Amino acid sequence: MEQTRQEVSGAGADFDLGQFYQIFFEEASENLDLMEQMLLELDLRSANDEELNGIFRCAHSIKGGSATFGFADVAELTHQMESLLDRLRRHEVQAVAQMVDVLLESADAARHLLARHQAGGQGQAVSTTALLRRIADLAAGLLPDDAAAAVSATAAAAAATPAPARAAPKALAPAFAGQARALEIRIGPLERPEQADAIKELFRDIPGLGSIRDLAGAPANARWFAVQTAASNEELLDLLAFHVAKEQVQLRDAAAAPVAPSAASQAPYEFFTGAPGAPPTAPVAPVPAPEAGAETKADAEPKGAEPKAAAQAQVESTTIRVDVKKVDQLINLVGELVITQAMLAQNSRGLDASAYQQLLAGLADLDRNTRDLQESVMSIRMIPMSIVFNRFPRMLRDLANKLGKKVELVTLGEATELDKGLVEKIIDPLTHLVRNSCDHGIELPADRLAMGKPEQGTITLSAAHQGGSIVIEVRDDGRGLARGKILRKARERGLDVSEQMADADVWQLIFAPGFSTADQVTDVSGRGVGMDVVKRNIAALNGSVEVDSAEGYGMKVSVRLPLTLAIMDGMSVGVGEEVYILPLSCVVESFQVDTDAVSTVAQGSQLVKVRDEYMPVIALEKIFQVPRFDLDKSSCIMVVVEDDGSRVALLVDELLGQHQVVVKNLESNYRKVPNVSGATILGDGTVALILDTGGLVRRARH
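The rules behind each value
Residues numbered from 1 in each chain as written. Predicted model: local features only at pLDDT ≥ 70, side-chain atom pairs only at ≥ 80, totals over all residues. Heavy atoms only, no water. Pairing = 2+ DSSP bridges. Helix = DSSP H or I, 4+ residues; strand = E, 2+ residues; numbered from the N terminus. Axes fitted to C-alpha atoms, helices over the stretch in contact; angles between N-to-C directions. Buried < 20%, exposed > 50% of the residue type's maximum accessible area, 1.4 Å probe, protein only. Contact = heavy atoms within 4.5 Å. Expected span 1.5 Å × (residues − 1). Arc of directions from axis to C-beta.

A.B. asks: Could you clarify how one ought to interpret the sheet that holds strand 13 (residues 578–583) in this entry?
C.D. replies: Working definition: the strands of a sheet are paired by backbone hydrogen bonds and lie parallel or antiparallel to each other. Read across the open sheet, the five strands follow the order 20-12-13-22-21; overall the sheet is mixed. Edge positions in the sheet fall to strand 20 (654–662) and strand 21 (676–681), since each of these pairs with one other strand and no more. Put simply, the sheet's adjacent strands are angled 35° from each other on average, direction ignored. In this structure, strand 21 lies alongside strand 22 (residues 687–691), joined through five bridges in antiparallel fashion. Opposite Ile681, over in strand 22, you have Val687 as the bridge partner.

A.B. asks: Help me out: how do you make sense of the environment of Phe389 in this one?
C.D. replies: Of note, Phe389 is situated in helix 14 (residues 386–389). You can call Phe389 buried: its relative accessible area is 1%. Once the C-alpha coordinates of Phe389 and Thr431 are considered, the two residues, 42 residues apart in sequence, prove to be 9.7 Å apart. If near-sequence neighbours (up to four positions away) are discounted, Phe389 is found in contact with Thr411, Leu412, Glu414, Leu461, Ser462 and Ala463.

A.B. asks: Where do I start with helix 2 (residues 21–41) in this structure?
C.D. replies: One turn of an α-helix holds 3.6 residues; hence residues three or four places apart share an orientation. Look at helix 2: 30 Å from first C-alpha to last across 21 residues, which is about the 30 Å you get at 1.5 Å a residue. All of the buried residues along helix 2 are Tyr21, Phe24, Phe25, Ala28, Asn31, Leu32, Met35, Glu36, Met38 and Leu39. Projected down its long axis, helix 2 carries its buried residues within an arc of 165°, all on one side.

A.B. asks: What is the right way to read the pairing of strand 11 (residues 554–562) from this model?
C.D. replies: Taken residue by residue, a regular strand's side chains alternate between the two faces of the sheet. For strand 11, a buried count of seven out of nine residues is recorded, marking the element as mostly surrounded by other parts of the structure. Across eight bridges, strand 9 (residues 469–476) lies against strand 11 in antiparallel orientation. From the neighbouring strand, Ser469 faces strand 11, where its bridge partner is Pro562. Pairing of strand 10 (residues 544–550) with strand 11, which is carried by seven bridges, proceeds in the antiparallel orientation. Each bridged residue has a counterpart across the sheet, and for Ser549 the counterpart in strand 11 is Met555. Linking two consecutive strands that pair antiparallel, namely strand 10 and strand 11, is a turn of three residues; a positive phi of about 90° is found at Gly552 within it.

Dropping the structure here:
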């Protein structure tokens, strides 16, 4: 890594390109993600030029950046990918599934290579020899037997229509019908000296292309050739693109008349020194060197794409990259500001409004501005669910091919936003749920047809806001859960089950540690590890999981999570001398109740009737063993909270108010406390516990 940095920075004193490494790695990762997404969405039967151009641009940008920073292995791989994509978008080869496969594998290899460079060269290098050979074969029109059979009809139809003469490797045996002419070709700057030798071999290997010989007088990193050929400039450029980038090639007649593809730009460097025996000193019209991420003339999109390109340029110019640590620090500072504002508001309650009118007005403005600032800062950390959903099409495609199934992935609510910290933690549980739907849920095509279903199954990923939470659903139209099989497996494991159990309780059995209904263990599933981890990870995020299923029709798993873990709206309640915080999104209503309205049932459990509905009563005084110093005071207010689809009534002494609270992690500062999800600092400096309403609801159930 250090050697590469020195070589790259040798062009200018004290100029180190290493300062731009991180930006390059991030942009390369984004381009690889975009390339993968477009490859998965590519319709092989009717691939249009805009789609192929978009994929080509991604490879082109990565190649250019890699060559600039001296990452030769990445540049070579993406250059070969670019060559195949160039032939595809020129319709010189027929798009087949094997091309998508090799390009996806190449993108994965490029990720590994880039990660190794980012880590300073540590780790095992990935061999790309086989990939490069497969790409070259596909670009040359050499297809595997199955792919060749799949496109035989297309090839026969194409043979009936004379195709224009296009340059290609010797496997395609081109013909050059033009008049022989004398050209001079400049290649450079060269990444590797053997590129020039490969170009000379190209003239020897392709019949009828012509002759080539070296010319003296070129700089050390470039080569000049004298050529006699009947090929057109466009055909020569297409041929040479298999070995060097088009922006490295410059053509001109031997009479020194400039005939390069574009004469609109000035030469970025001088080619002639005027030494004896050097080529003529006439000006050379080079192919313009593109800026990072830009295209050459041959790469340009149709005119109809110009507005889109302009819009993209505008988006990029209005965004900046910010380290996540800086955003987290900003959120922490805003949290402290919220606490300070709450303290000022509490201390100002006893002030005379007429004497301190200006001060109180300023505090009211501070309250409003603090809330607006908090919402703005939190929105910076919110990212769309598309970041999560975009990783599943590739995974599902590979898994479906491995299992011999046909699966379509449908995503809904990709624009729904979630806190970045939650997004990172929800990826693994969702990955397991999607794999589970493909492996256990979706049937084989023949089985689906026998059941009267379409042979292609559907897995749906959706996200939507509901109150102060986000609900993410994973649905499939597969075989669903088999109630009888689950109960039988549960009995074999010694679990306490009965035929009278409700469906919802039976479905929850799949989350038991080590529970699996698979008949045999595979490398995909069957070990009974996964669903229990899914539920545990989601519960750690103060979330919940619900399962709904109908045998033969499919299954739905709903994951409910809070929108953010940093700042939330809460309701403070008093019990004795203690203050507790309830998440406002879970509070349904509150009311005053007489002790006679509370009924005691078996084992001391209490119920209260609210509008013809009985719900469990939880006395916070007993749960947290709150001491009583005022014996005349009693809990006579009930707050109804809802979580996981169930409601309970919490018995408290008084309602203190609603306000924003800054969530502090209690576990990292103290330890895990049952029925408590965190803590916060109140305006008077005291600490209040934030209650885990999901835990309280589950406690009431059991």
